[in-house]
Amino acid sequence: MEQQLQGNELGWWLLSHAGKLWLPKGEIPHGYAQDFGLKGTTAHRIGEWQSEAVWLVCQERDKEMASVRQLLNEDRGLFQLAGRAVQLAEFYRAHQFCGYCGQKMSISDREWACLCDHCRQRYYPQIAPCIIVAIRRDDKILLAQHSRHRGGIYTALAGFVEVGETLEQAVAREVMEESNLKIKNLRYISSQPWPFPHSLMMAYLADYESGELKIDTSELLDADWFHYEKLPQLPPPGTIARRLIEDTIAQCRAESS
Ligand SMILES: [Zn+2]
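Calculation rules
- Residues numbered from 1 in each chain as written.
- Predicted model: local features only at pLDDT ≥ 70, side-chain atom pairs only at ≥ 80, totals over all residues.
- Heavy atoms only, no water.
- Pairing = 2+ DSSP bridges.
- Helix = DSSP H or I, 4+ residues; strand = E, 2+ residues; numbered from the N terminus.
- Domains from an automatic or database assignment.
- Contact = heavy atoms within 4.5 Å.
- Buried area = accessible area lost by both parts, 1.4 Å probe.
- Salt bridge = Lys/Arg side-chain N within 4 Å of Asp/Glu carboxyl O.
- Polar contact = N/O pair within 3.5 Å; in protein donor to acceptor, adjacent residues only side chain to side chain.
- Nonpolar A, V, L, I, M, F, W, Y, C, P; charged D, E, K, R; others polar.
- UniProt positions renumbered as here; feature names shortened; annotations may be inferred.
- Buried < 20%, exposed > 50% of the residue type's maximum accessible area, 1.4 Å probe, protein only.
- Expected span 1.5 Å × (residues − 1).
- Phe/Tyr/Trp six-rings, centres within 6.5 Å; stacked < 30°, edge-to-face > 60°.
- Donors = N, O, S within 2.8 Å, 3.2 Å for Na, K, Ca; no water.
- Tetrahedral: all angles 85-135°; square planar, octahedral: opposite > 155°, others 65-115°.

Colleague: Explain the sheet that holds strand 8 (residues 106-107) here, please?
Modeller: What holds strands together in a sheet is hydrogen bonding between their backbones, with the strands either parallel or antiparallel. The strand order across the open sheet formed by three strands is 8-9-10, and the pairing between neighbours is antiparallel. On the outer flanks of this sheet lie strand 8 and strand 10 (122-123), each paired with one strand and no other. Of the strand pairs in this sheet, strand 8 and strand 9 (residues 114-115) are connected by two bridges, and their pairing is antiparallel. Across the sheet, the residue bridging to Ser106 is Leu115, located in strand 9.

Here it is as structure tokens:
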């Protein structure tokens, strides 16, 4: 997987360091390794896009290092590969030494892992499962303004899955903690790798069951039931949150007509 570049390798070049990507003019560079001064550099082939190789190089450039968020409106497959690149680069950077014995580690050439040759420990990239749920009550949707979001958008409730918890329990707990509500009719919809910094979002729809809305002010600035035709500022297209909200709007509309 890891290889030294000869210079004539063709493809898309994801240069990543510290959670950022090199995006000259806002785009992922495409061409031969030598075009970008990468001859002799170590690279990892991490996938294919538009029938060409996608390469990760753990390297920082002086200028135009940017967030993967810039690629949110690009093709879904490309966004996913960019997220993979950034997460792997961070994984390798954070696992140079073994957490058990402190010895220097090596990168596996068979899988995305780091190996301790001293105590034989094996480390894999961390993925943090996260649930997100859109809750409907008749012709209204529960939307919240999270204190961690900038820009005042309203979105679905979300939170991390805790150790020793099922996804269903995580949804019920997060909804209760953040809004004091009970839900029913939970349906799994879809998932999306979310590389900020290493989440996997699992998206659900649910219906309101009982309880009075009372928000957790440590996590939320505001939350309310919004009629599907009078919605506040929503998350951008391309996010799974937006898809959940749009699915809920479609349901409201279908049942009101
Ligand atoms: Zn070790």
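Colleague: Explanation requested: the domain arrangement of the chain in the structure shown.
Modeller: Interfaces are often described in size by the accessible area the parts lose on coming together. What the domain assignment reports for the chain is domain 1 (2-94) and domain 2 (128-256). With centres defined by C-alpha atoms, the gap from domain 1 to domain 2 works out at 32 Å. Domain 1 puts 10 residues into the contact, and the matching count from domain 2 is 11 residues. Regarding the contact of domain 1 and domain 2, the summed buried area is about 860 Å², with carbon and sulfur atoms giving 63% of it. For the domain 1 face of the interface with domain 2, the top three residues by lost area are Arg69, Leu72 and Gln87, together amounting to 50%. At the boundary of domain 1 and domain 2, one finds zero salt bridges. At the surface where domain 1 touches domain 2, the tally comes to zero residue pairs in polar contact (both at pLDDT 80 or more). Classifying every residue of the side of domain 1 that touches domain 2 by side-chain character gives three nonpolar, five polar and two charged.

Colleague: How do you make sense of the UniProt feature "binding site: a divalent metal cation 2" (unreviewed entry) in the chain when you look at a structure like this?
Modeller: The sites that UniProt annotates as "binding site: a divalent metal cation 2" (unreviewed entry) are Glu174. Structurally, Glu174 can be placed in helix 2 (residues 167-179). Accessibility expressed as a relative area gives 7% for Glu174, which makes it buried. Polar contacts involving the side chain of Glu174 include one to the side chain of Arg173, which spans 3.3 Å.

Colleague: Could you clarify how one ought to interpret helix 1 (residues 76-94) in this entry?
Modeller: Residue pairs spaced three or four apart in an α-helix point in one direction, given the helix's 3.6 residues per turn. Between the first and last C-alpha of helix 1 there are 27 Å, a value that for 19 residues agrees with the 27 Å anticipated at 1.5 Å per step. What helix 1 keeps buried is the set Leu78, Phe79, Leu81, Ala82, Gly83, Ala85, Val86, Gln87, Leu88, Ala89, Phe91 and Tyr92. One side-chain oxygen of the residue at the start of helix 1 lies 2.8 Å from the amide nitrogen of Gly77, identifying that residue as Asp75.

Colleague: How do you make sense of the pattern of salt bridges when you look at a structure like this?
Modeller: This model, assessed by the stated rule, comprises 12 salt bridges. In this structure, the salt-bridge partner of Asp207 is Arg187, at a minimum N-O distance of 3.7 Å. A residue pair is termed long-range when its members are at least 10 positions apart, and Asp207 in strand 15 (residues 199-210) and Arg187 in strand 14 (residues 182-194) qualify at 20 residues. A salt bridge links Glu246 to Arg242, with the nearest nitrogen and oxygen atoms 2.7 Å apart. One end of the pair, Glu246, and the other, Arg242, are both in helix 3 (residues 240-256), four residues apart, so they sit about a helical turn from each other. Look at the salt bridges and you will find they share partners, linking Glu162, Glu165, Arg173, Glu174 and Glu177 into a network.

Colleague: Can you walk me through the packing of aromatic side chains in this structure?
Modeller: Here the distance between the centres and the angle between the planes together describe a pair of aromatic rings. Counted by the stated rule, this structure contains nine aromatic pairs. Judged by centre distance (6.1 Å) and plane angle (55 degrees), the rings of Phe79 and Trp194 are tilted. Here the residue Phe79 occupies a position in helix 1, and Trp194 occupies one in strand 14, the gap between them amounting to 115 residues. There is no split in this pair, since Phe79 and Trp194 are both buried.

Colleague: I tried to follow the coordination of the zinc ion on my own but got confused; where do I start?
Modeller: Ideal values for angles at a metal depend on the geometry: 109.5 degrees with four tetrahedral donors, 90 or 180 degrees with six octahedral donors. The coordination sphere of the zinc ion, as far as protein atoms go, consists of Cys98 (SG), Cys101 (SG), Cys116 (SG) and Cys119 (SG), spread over 2.3 Å. For the zinc ion, the four donor atoms in the first shell make angles of 100 to 116 degrees at the metal, so the coordination geometry reads as tetrahedral. Summarised as a motif, the one-chain spacing of the donors to the zinc ion is C-x2-C-x14-C-x2-C. Of this pair, Cys98 sits in the loop between helix 1 and strand 8 while Cys116 sits in the loop between strand 9 and strand 10; the two residues are 18 residues apart in sequence, bridging distant segments of the chain. Each member of the pair, Cys98 as well as Cys116, is classed as buried.

Colleague: Honestly, the side chain of Thr41 in this entry has me stumped. Any pointers?
Modeller: Here Thr41 lies in the loop between strand 4 (30-32) and strand 5 (42-49). From its side chain, Thr41 meets the backbone oxygen of Leu38 in a polar contact 2.9 Å long. If we ignore the near neighbours within four places in the chain, the residues touching Thr41 are Gln3, Gln4, Leu5, Val57 and Gln59.

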